[in-house]
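A structural walkthrough
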Amino acid sequence: MKPLRFVAMGDSLTEGIGDPVGEGWRGWAALLAPSCGAVEFHNLAVSGSQSADVLDRQLPEALKLRPDLVSVIVGVNDTLRCTFDIRAVAARLDEVYAAAARHGAHLLTACLPDPGAMLGLPSALARPLARRQRAVNAVVHALSERYGAVHLHLAEDEWVTDRTLWSADRLHPGERGHRLVAARFHALLAARGLAAGSPPSCEPQLPSPTRSASLLWLATAGTGWVARRCTDLLPQLLTLAADEVRHQVRGSSARLDLSATHAVTAALAALSAAEQPGAA
């Protein structure tokens, strides 16, 4: 097996936040790289990135590096903006995945838990965010299958509810969580004959954050984090929450879920139509 060039793209999850090493961050991708036999590893992920940032800024740099392995994990920050549009997110991800495929790179993707559940927001606030994240995950699932990606499921209950996997901020994996992500990606890559080395260790070198540390973060830095991420979303989120409550009272919440499903279907249909000969 030839040595691999591994390039990681995305947001704070891939940047490594939650897994401190020295004065910086390490993260799952850096843990995975040597286990894949990668002789070159470049982490282009930047905290706060949205799908547009990956397409416009990170992808051009990634392609210059001629990678054999490319990870693209992004979308949570898109759901936290008032400009959220699942059709636009789908189009950007499709363009990124397609570019990696054209250059012969193996693609790594993942679906993610919604931030509202991780933060424990009230249901009226959490449900609109959950609906958006489910939409992103549905698009990632469909496009991962289309491009033959190595796809990791990270939205299931066990991953979300095991707090020992998460850092004090409850939004990013801690060291143990990053190690688990690396090990699970390694297993998927090994099944395709793409992992030359031994799997990364799942045993953390630092203790998991205590409950008091998590509560302190939520009461101090956590409030600021939410405020910074949701400044432009908050007015819309309050409107969405009010709409959520109205539908709950009327017993018509299923309409909101159905509308979100239709939006995903339309987004994927638009991509398929664009691929047809003679499409505009």
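Residues numbered from 1 in each chain as written. Predicted model: local features only at pLDDT ≥ 70, side-chain atom pairs only at ≥ 80, totals over all residues. Heavy atoms only, no water.

1. A word on the sheet that holds strand S4 (residues 38-43)
Within the open sheet, the five strands sit side by side as S4-S1-S5-S6-S7. Their pairing is parallel. Here the strands that pair on one side only, and so sit at the sheet edges, are S4 and strand S7 (150-153). For this sheet the average axis-to-axis angle between neighbouring strands, irrespective of direction, equals 15 degrees. With three bridges joining them, strand S5 (residues 69-73) and strand S6 (residues 106-111) adopt parallel strand pairing. Paired with Ser71 across the strands is Leu108, a residue of S6. Sitting on the sheet, helix H7 (residues 123-146) touches S6 and S7, and the angle it makes with S6 is about 155 degrees. (Pairing = 2+ DSSP bridges. Helix = DSSP H or I, 4+ residues; strand = E, 2+ residues; numbered from the N terminus. Axes fitted to C-alpha atoms, helices over the stretch in contact; angles between N-to-C directions. Contact = heavy atoms within 4.5 Å.)

2. Some remarks on the environment of Ala270
Mapped onto the elements, Ala270 comes out in helix H13 (residues 253-275). A C-alpha to C-alpha distance of 9.3 Å links Ala270 and Ala90, two positions 180 residues apart in sequence.

3. Some details on the nonpolar core
Core analysis: the largest hydrophobic core is formed by 36 residues, its most contacted members being Phe6, Trp28, Leu32, Leu108, Phe185 and Leu189. Contacts of Phe185, omitting those with residues within four sequence positions, involve Trp28, Leu32, Ile73, Leu108, Thr109, Ala110, Val150 and Leu152. (Core = buried A, V, L, I, M, F, W, Y, C linked by side-chain atoms within 4.5 Å. Buried < 20%, exposed > 50% of the residue type's maximum accessible area, 1.4 Å probe, protein only.)

4. What about the environment of Gly174?
Take Gly174: it is sitting in the loop between helix H8 (157-161) and helix H9 (175-191). Taking the C-alpha atoms as reference points, Gly174 and Gly27, 147 residues apart in sequence, are found 8.8 Å from one another. Not counting the four nearest positions on each side in its chain, Gly174 is found in contact with Gly18, Leu165, Trp166 and Ser167.

5. Some thoughts on the pairing of S6
Most of S6 is tucked away: five of the six residues are buried. In the sheet, S6 pairs with S7 via four bridges, with the strands oriented parallel. Across the sheet, Leu108 pairs through a bridge with Val150, a residue of S7.

6. So, the packing of aromatic side chains
Applying the stated criterion to the full structure yields four aromatic pairs. Arranged with centres 5.2 Å apart and planes meeting at 45 degrees, the rings of Phe6 and Phe41 form a pair that is tilted. In this pair, Phe6 is assigned in strand S1 (residues 4-10) and Phe41 in strand S4, connecting sequence segments 35 residues apart. In this structure Phe6 comes out as buried when scored by relative accessible area, which is 0%. (Phe/Tyr/Trp six-rings, centres within 6.5 Å; stacked < 30°, edge-to-face > 60°.)

7. Things to note about the environment of His172
Here His172 shows up in the loop between H8 and H9. Look at His172 and you get buried, because its relative accessible area is 6%. A C-alpha to C-alpha distance of 6.5 Å links His172 and Ile17, two positions 155 residues apart in sequence.

8. Re the side chain of Ser71
Within the secondary structure layout, Ser71 lies in strand S5. Judged by relative accessible area, Ser71 falls into the buried class, the value being 0%. Once you skip the residues sitting within four places of it in the chain, Ser71 turns out to touch Phe6, Val7, Ala8, Met9, Thr14, Trp28 and Leu108.

9. What to know about H13
Here H13 spans 35 Å end to end across 23 residues, near enough to the 33 Å set by a 1.5 Å rise per residue. For H13, the complete set of buried residues consists of Leu256, Ala260, Val264, Ala267, Leu268 and Leu271. (Expected span 1.5 Å × (residues − 1).)

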